[in-house]
Amino acid sequence: MAFSSPRALLFAATLSLLGFAACQAPEKSVKPGINKPFLEATAEDIQVFVGIFEGESREIAAASDGIMAALNIQPGMEIADLGAGTGLYEPLFQKAVGDDGRVYAVDLSPAMIDHLNQRVADENLDRVTVVECSATNCGLENDSVDLIYICDTYHHFEYPQTSLRSIYRALRSGGTLAIVDFERIEGVSRPWIMNHMRAGKDVFRAEIEAAGFEFIEEPMVDGLNENYLLLFRRP
Ligand SMILES: C[S@@+](CC[C@H](N)C(=O)[O-])C[C@H]1O[C@@H](n2cnc3c(N)ncnc32)[C@H](O)[C@@H]1O
């Protein structure tokens, strides 16, 4: 490119520097404070979360057989439960991957991590490795897992674009990203969901596709009414 004067050259250089700075700017939180209850939880709080997350009145607990069938986990797979919480799915995942597989139970809450470590010891979950992550990085090695399961957690991502980049790196080529989250439909969803969730399924799907994942399907799972399951592939 030819510049007609030193002033034009300076102008172009400034513009490109500004563009570079914009590209490097850290992503802003899309929902500040949403993880406060988990980040500040005590051991007593975790017992309350066990009751909330693992009770049969919760769709995700009651529909676990259908969700597991849709995930199609094979023996020997290495998989991650990102935002594992109290570890509801860890015994099921350990059974599905078998003796040659590995489950990474990942969370950012120190109290959840303590609880997960205790659960692994108490229930002999020897195929489960607990990983403490950050709000911007899933804490997994590059190309290390065949499936990442994100249940009731994507809407807790404060930095979805940055998190999705690290998830993309962690998934092996051809690996599956599975998202379970709440439907958020104006006039239909409960007020709590409308307030708590920053967006609904279509927005989340678009964000995930924009991060480079290919949409595979939305399997219908018996017992999931307020929640949906979306499956994506890392190309
Ligand atoms: C609503 S709980 C769901 C727990 C579990 N997946 C379940 O469905 O029972 C959300 C969990 O995600 C964790 N979390 C929030 N943001 C996260 C992030 N960026 N990476 C990993 N975990 C996250 C929280 O600490 C919390 O344990």
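Let me begin by describing the structure that accompanies this report. (Residues numbered from 1 in each chain as written. Predicted model: local features only at pLDDT ≥ 70, side-chain atom pairs only at ≥ 80, totals over all residues.)

Some remarks on the overall build of the protein
(1) Moving on: A tally of regular secondary structure across the protein gives 10 helices and 7 strands.
(2) Moving on: A burial count over the protein gives 32% of its 235 residues as buried.
(3) Moving on: Here the contacts in the protein between residues at least 6 apart in sequence split such that 72% fall between residues at least 24 apart. (Helix = DSSP H or I, 4+ residues; strand = E, 2+ residues; numbered from the N terminus. Buried ≥ 20, exposed ≤ 12 C-beta atoms within 10 Å, placed from the backbone. Contact = placed C-beta atoms within 7 Å.)

Examining the site of the ligand
(1) Moving on: Of all residues adjacent to the ligand, which total 22 residues, the nearest are F38, G83, G85, S109 and H156.
(2) Moving on: In terms of residue class, the shell around the ligand is made up of 13 nonpolar, 7 polar and 2 charged. (Near = placed C-beta within 6 Å. Nonpolar A, V, L, I, M, F, W, Y, C, P; charged D, E, K, R; others polar.)

Thoughts on the environment of V188
(1) Moving on: Mapped onto the elements, V188 comes out in the loop between β5 (171-182) and α9 (191-196).
(2) Moving on: For the pair V188 and E226, spaced 38 residues apart in the sequence, the C-alpha separation amounts to 9.9 Å.

Considering the pairing of strand β2 (residues 102-107)
(1) Moving on: Most of β2 sits inside the fold, with 5 of its 6 residues counted as buried.
(2) Moving on: The pairing of strand β1 (residues 78-82) with β2 spans 5 bridges and is parallel. Within the sheet, the bridge partner assigned to E78 lies in β2 and is R102.
(3) Moving on: The β-α-β motif built from β1, the intervening helix α6 (residues 90-97) and the parallel element β2 has right-handed crossover chirality. (Pairing = 2+ DSSP bridges. Right-handed = clockwise from strand over helix to strand, strands pointing away.)

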